[in-house]
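# Descriptive structure summary
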Amino acid sequence: MMKDLLTLSKLTSADVKAIIDRSAELKQMQKQGKVHHPLANKSLGMIFEKSSTRTRVSFEVGMYQLGGQALFLSSNDLQLGRGEPVADTARVLSRYLDGIMIRTFAQEMVEELAHHASIPVINGLTDLHHPCQALADLFTVQEKKGGLKGLKLAYIGDGNNVANSLLEACVKTGMHFSIACPQGYEMDPKVLAEARGAARETGSSIETTGDPYQAVMKADVLYTDVWASMGQEAEHAKRVKAFQGYQIDAKLLKAASPEAIVMHCLPAHRGEEIAADVIDGPQSVVFDEAENRLHTQKAVLEMLMGK
Ligand code: CP
Ligand code: NVA
């Protein structure tokens, strides 16, 4: 049984399937109004070094629904922001809390925190990974399509944290992954190499291209994310230029499977990575996707912090 959720690469295919299936059960229980308190008397600390709407609210509400409580810890207010070592922060918080969720910049910082913490640590987004997002995304695909294996997901845009975690999730579940990025904005080569290894075991294929039309051919899921992520605000203008031609618009959507669904982790920039008529159109599932963050994270919290 794993202690932390730092990247999806460490999970087995069975782990990913178990989280997705449990998410469906917890969602149904919630809709039926069933009380389920496996985390009674447990506390989750949530450290944020970047902004958040979905992650913060869904973790906080998720803990409440599971019978526990969540503490919002802004790094501006923690001693961490004034230079207290990560290792000391991890050891101190382990004396009070039952779990930590952290959103920060460097993946290494989350790894260090987890190494020194005796309680589970959950990655709520780093510059390199966004595992909770990808779990909710595949749960959403499963809900909409009835399964995952053999489906094709096409990602258009920046080879960023969201792309990395999606790739890792796809190769664990036998989904085919195709990504179109402009030159200079491709995925992390280490993440790609590791995913290629996992893909051989599950029968997934991985395609990298510069051509969005090639990527979306026969795709069941179209996915995009912002061109400038948190921490890259100063590069925004340069990136908007570099990503011209990489918008999911009605024409690109038409080139995918006619039944394709459109996904975006949000927040979205209409008119940049996605056209308004597509994200607000009938094939978009972005708000179900956002809702599902709550259900998959409850499955993760229950798995890591229960018992
Ligand atoms: N998708 C996502 O992680 O959203 P927030 O930045 O609002 O948490
Ligand atoms: N790639 C985006 C995702 C936001 C949820 C970012 O890191 O800002």
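Please refer to the structure placed before this passage.
All of these numbers come straight from a predicted model, not from anything done at the bench.

The rules we used
Residues numbered from 1 in each chain as written. Chains lettered and ligands numbered in written order. Predicted model: local features only at pLDDT ≥ 70, side-chain atom pairs only at ≥ 80, totals over all residues. Heavy atoms only, no water. Salt bridge = Lys/Arg side-chain N within 4 Å of Asp/Glu carboxyl O. Helix = DSSP H or I, 4+ residues; strand = E, 2+ residues; numbered from the N terminus. Buried < 20%, exposed > 50% of the residue type's maximum accessible area, 1.4 Å probe, protein only. Pairing = 2+ DSSP bridges. Axes fitted to C-alpha atoms, helices over the stretch in contact; angles between N-to-C directions. Near = heavy atom within 4 Å. Polar contact = N/O pair within 3.5 Å; in protein donor to acceptor, adjacent residues only side chain to side chain. Areas by Shrake-Rupley, 256 points an atom, 1.4 Å probe, with all protein chains shown as cover. Nonpolar A, V, L, I, M, F, W, Y, C, P; charged D, E, K, R; others polar.

Scanning the model with the defined rule gives 14 salt bridges in all. Salt-bridge contacts for Lys27 lead to Glu291; the nearest nitrogen and oxygen are separated by 4.0 Å. In this pair, Lys27 is assigned in helix H1 (residues 13-31) and Glu291 in helix H12 (residues 286-305), connecting sequence segments 264 residues apart. A residue is classified by how much of its surface remains accessible, and Lys27, at 13% relative accessible area, is buried. Each of Lys27, Lys31, Glu143 and Glu291 takes part in one network of salt bridges that share partners.

Here we come to the sheet that holds strand S5 (residues 152-156). In spatial order, the strands read S7-S6-S5-S8-S9; together these five strands make up an open sheet with parallel pairing. The open sheet has two free edges, formed respectively by strand S7 (206-209) and strand S9 (261-264), since each of these has just one partner strand. Taken pair by pair, the neighbouring strands of this sheet meet at an average axis angle of 20°, ignoring direction. For S5 and strand S6 (residues 176-180), the ladder comprises five bridges, and the chain directions are parallel. Residue pairing across strands places Ala154 opposite Ser178, the latter belonging to S6.

The next point concerns the site of ligand 1. Within the structure, ligand 1 sits among Ser52, Thr53, Arg54, Thr55, Arg103, His130, Gln133, Cys265, Leu266 and Arg293. Taking Leu266, its main chain carries an N or O atom lying 2.9 Å from a nitrogen atom of ligand 1. In isolation ligand 1 has 250 Å² of accessible area, and contact with the protein removes 95% of it. Considering only residue class, the shell around ligand 1 consists of two nonpolar, five polar and three charged.

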